[in-house]
Amino acid sequence: MRKIFNFIWVRNRTSLTLLGFLILWQLVVTVFRIREFILPSPLSAILHLFFRQPDANYHWIKNISATLFEILIGFTVTVLLGIMIAVIVSWSQLSRRFFIPLFIFVNSLPIVAIAPIILLWLGYGIYTNVLIAFLVSFFPMVINTTTGLNKVDEDLLDLVRYHRGSKWQVLIKIRFPNSLPYIFSGLKICSTMCVVGVIVGEFVASDKGLGYIIINSQFTLDTPPIFAALIVIAVMGLGLFGLVSLLERIIIPWHGSVNG
Amino acid sequence: MPNTPLISIRGLKKIFTTLTGEKIEALENIALDIYPGEFVSIVGPSGCGKTTLLKILAGLVQKDGGEIKVDKESFDPTREVGFVFQKPLLLDWRKVIDNVLLPIEILKINRASMFGRAQELLELVGLKGFEKAYPNELSGGMQQRVSIARALIHDPKLMLMDEPFGALDALTRERMNLELLRIWREAKKTVLFVTHGIAEAIFLSDRVAVLSARPSTVVTALDIHLSRPRTLNVRTSPEFGKLSMKVYDSLEMV
């Protein structure tokens, strides 16, 4: 019996922990009779997702897919641009001196404070939210990738140099593959930050998405859909993180982080 | 032995500048001829510039004087040098076979045409069946064998070996010495081998060049007339002892 329990536990640690948390939450709400507009039970929140409420229609499918789409676009854009910027930054000392202070400056700006300006420029919609997601999450992506590109055993470079290999070959054969573990740790940070960025964007201005539901429900003290949205957001973050971890196993099986 | 050296080094000089601006003369005046097919070892005290000498020959470090003449008709130093470093320096993300093929990619030679050769070389260094393994699945000795196969893949005339077995335990090292002699015999290369081990140098070489401490010069180049193929027995022979004493003598350790 104990063995079976152990086996199930080891296999599903993450999901079981999550389930335990939900059960605890449900118990707390039921036992202490907490009022729904303060803290709804997870069951009530989840039921909101699947059953149409008499007093309001939240258009879950439309709103979830809007947010999901923005997250995926934001993530893809951030990853591609982040890696490209990192390659440029690591290419020469000069570009490093120019770009890194600029990035630190941009990254230190509170995103909530510049979001209204972005809205002013780009208006409602996906461009604004993707840009905000990018601004929130590009920094760890760029810094991680740059570190990986530069943190190469100098002797490995001799391997290419003594054959008179080009700087480009050094990048493709040595620096880039060397940076993959760093890129993946950047991707993991980026995957959750992107979700945050998109939701912040939807908070500031939007006519759809989970952030929009949260803001609207807050005005009407309609708490269950807020928690329903939070649960969906968390699941999206987890899903994206899981996807990155899966890709990591496939793409860099040689690296220690995969089994660790 | 042919009369034209593959490489002829005269008056080679190298000066390093430290971070504080101090100038250190590593190589003062190196003169050495290396003939085709020869196995030449370089021994000398720590920090005497043995590695620097190899790196200059490989074009990884610039010389500060003197000349290196190569027999241009038979030898292209930009494509026909194979370097075995102190560390195996394998790329973790490449399987063994892809590590061996790295120079092929850098020299822009058709990869598919060399695949068979890579497999043969892995067999030569005793790693048949490990083509698909990743470097961190191999022991230190096996990793260094991979790096030897990699240094041979583009069929270089000259092999530069920088203490390749220095990091291995004594037993593995002896085994690798025997393996190296076999590989050298079968692959018919010219080898310039840097080592700290005097016995290792004598055991392997046709000639042992002894470098002085910094600023270094070639104190002596000792011919080793021990018969080949050599086995570990040769180490206990009186000639071997005499040769060792000569080397110790020129290192001023006696």
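Nothing here was measured: the structure is a model prediction, and the numbers come from that model. (Residues numbered from 1 in each chain as written. Chains lettered and ligands numbered in written order. Predicted model: local features only at pLDDT ≥ 70, side-chain atom pairs only at ≥ 80, totals over all residues. Heavy atoms only, no water.)

Asker: Please explain helix α8 (residues 238–250) of chain B as it appears in this structure.
Answerer: Residue and element names in this part refer to chain B. End to end, α8 covers 19 Å across 13 residues, agreeing with the expected 18 Å (1.5 Å per residue, within 8%). Tucked into the core, α8 has its buried residues touching β3 (39–43), α7 (198–204), β8 (207–211) and β9 (216–223). Looking one or two residues past α8, Glu 252 carries a phi angle of roughly 55°, positive in sign. (Helix = DSSP H or I, 4+ residues; strand = E, 2+ residues; numbered from the N terminus. Expected span 1.5 Å × (residues − 1). Contact = heavy atoms within 4.5 Å.)

Asker: Looking at this structure, how should I read the domain arrangement of chain B?
Answerer: Many analyses report the size of an interface as the accessible area lost when the parts associate. Residues and elements named next belong to chain B. Splitting chain B by domain gives domain 1 (1–80 + 158–254) and domain 2 (91–155). With centres defined by C-alpha atoms, the gap from domain 1 to domain 2 works out at 25 Å. Domain 1 puts 14 residues into the contact, and the matching count from domain 2 is 13 residues. Both faces combined, the contact of domain 1 with domain 2 buries some 1200 Å², and carbon together with sulfur accounts for 66% of it. (Domains from an automatic or database assignment. Buried area = accessible area lost by both parts, 1.4 Å probe.)

Asker: I'm lost on the pattern of salt bridges in this one. Help?
Answerer: Where side chains of opposite charge bring their charged atoms close, a pairing between them can arise. This model, assessed by the stated rule, comprises 23 salt bridges over all chains. A salt bridge links Arg 161 of chain A to Asp 158 of chain A, with the nearest nitrogen and oxygen atoms 3.6 Å apart. With Arg 161 of chain A and Asp 158 of chain A both in helix α8 (residues 154–161), this residue pair falls three residues apart, about one helical turn. With a relative accessible area of 38%, Arg 161 of chain A lands in the partly exposed category. When its relative accessible area of 8% is taken as the criterion, Asp 158 of chain A is described as buried. For Arg 94 of chain B, the salt bridge is made with Glu 105 of chain B, and the minimal N-O distance between the two is 2.7 Å. Taken together, the positions of Arg 94 of chain B in the loop between β5 (81–84) and α2 (96–100) and Glu 105 of chain B in helix α3 (residues 102–106) put the pair eleven residues apart, joining distant regions of the chain. Neither residue differs from the other here; Arg 94 of chain B and Glu 105 of chain B are each classed as buried. One continuous salt-bridge network, built from bridges that share partners, spans Lys 173 of chain A together with Arg 94, Asp 98, Glu 105 and Arg 111 of chain B. (Salt bridge = Lys/Arg side-chain N within 4 Å of Asp/Glu carboxyl O. Buried < 20%, exposed > 50% of the residue type's maximum accessible area, 1.4 Å probe, protein only.)

Asker: Hey, could you run me through the interface of chain A and chain B in this one?
Answerer: If you look at the interface, chain A gives 18 residues, while chain B gives 26 residues. Summed over both partners, the interface of chain A with chain B buries about 2000 Å², with 65% contributed by carbon and sulfur atoms. For the chain A face of the interface with chain B, the top three residues by lost area are Tyr 162, His 163 and Trp 254 of chain A, together amounting to 37%. Run the count over chain A and chain B and you get four salt bridges. Between the two partners, chain A and chain B, sit eight residue pairs in polar contact (both at pLDDT 80 or more). Looking at the side of chain A that touches chain B element by element, the count peaks at six residues for α8 of chain A. The class makeup of the residues in the side of chain A that touches chain B is eight nonpolar, four polar and six charged. (Polar contact = N/O pair within 3.5 Å; in protein donor to acceptor, adjacent residues only side chain to side chain. Nonpolar A, V, L, I, M, F, W, Y, C, P; charged D, E, K, R; others polar.)

Asker: Quick question: what am I supposed to make of the packing of α8 of chain A against helix α9 (residues 167–204) of chain A here?
Answerer: Working note: a packed helix pair is described by the angle between its axes plus the distance between those axes. Residue and element names in this part refer to chain A. Relative to each other, α8 and α9 sit at 135°, their axes nearing to 10 Å. Classified by the angle between their axes, α8 and α9 sit oblique to one another. When the axes of α8 and α9 are compared, the crossing they make is right-handed. Listed contacts from α9 to Leu 156, Leu 157 and Val 160 of α8 are Gln 169, Val 170, Ile 174 and Arg 175. Of the residues assigned to the contact of α8 with α9, the class counts are five nonpolar, one polar and one charged. (Axes fitted to C-alpha atoms, helices over the stretch in contact; angles between N-to-C directions. Parallel < 35°, antiparallel > 145°, perpendicular 65-115°, else oblique. Left-handed = near helix turned anticlockwise from the far one by under 90°.)

Asker: Sorry, what's going on with the state of the cysteines here?
Answerer: All told, the structure shown has zero disulfides over all chains when counted by the stated rule. There is no disulfide at Cys 194 of chain A, and the cysteine sulfur nearest it, in Cys 190 of chain A, is 4.1 Å away. (Disulfide = S-S within 2.5 Å.)

Asker: Please clarify how the sheet that holds β5 of chain B should be interpreted in this entry.
Answerer: Hydrogen bonds along the backbone pair up the strands of a sheet, which may run parallel or antiparallel. Residue and element names in this part refer to chain B. Taken together, the nine strands give an open sheet; going across it, the order is β4-β1-β2-β9-β8-β3-β7-β6-β5, and neighbouring strands pair in mixed fashion. Where the open sheet ends on each side, the last strands, each with one partner, are β4 (65–70) and β5. Recorded for the sheet is a direction-independent mean angle of 20° between the axes of neighbouring strands. Pairing of β5 with strand β6 (residues 158–162) involves four bridges; the strand directions are parallel. Directly across from Val 84, in β6, lies its bridge partner Met 161. Where α8 meets the sheet, it contacts β3, β8 and β9, and its direction lies at approximately 165° from that of β9. (Pairing = 2+ DSSP bridges.)

Asker: Before we go on, may I ask you to explain the environment of Leu 102 of chain B in this structure?
Answerer: Take Leu 102 of chain B: it is sitting in helix α3. Leu 102 of chain B gets classed as buried once you look at its relative accessible area, which sits at 1%. As a C-alpha pair, Leu 102 of chain B and Ile 153 of chain B span 51 residues in sequence and 8.8 Å in three-dimensional space. Those residues within four positions of Leu 102 of chain B in sequence are excluded, and the remaining contacts are Leu 159 and Lys 173 of chain A together with Leu 91 and Arg 94 of chain B.

Asker: Can you help me understand unusual backbone geometry in this one?
Answerer: The omega torsion across Arg 214 of chain B and Pro 215 of chain B is -10°, close enough to zero to call that bond cis. With respect to the element layout, Pro 215 of chain B can be found in the loop between β8 and β9. Residue Arg 228 of chain B is joined to Pro 229 of chain B through a cis peptide bond whose omega torsion reads -5°. Along the chain, the position of Pro 229 of chain B falls in the loop between β9 and α8. Located in the positive-phi region is Arg 164 of chain A, a residue other than glycine, with phi close to 60°. One can find Arg 164 of chain A in the loop between α8 and α9. Residues other than glycine seldom take positive phi values, yet Leu 89 of chain B does so here, at roughly 50°. Along the chain, Leu 89 of chain B turns up in the loop between β5 and α2.

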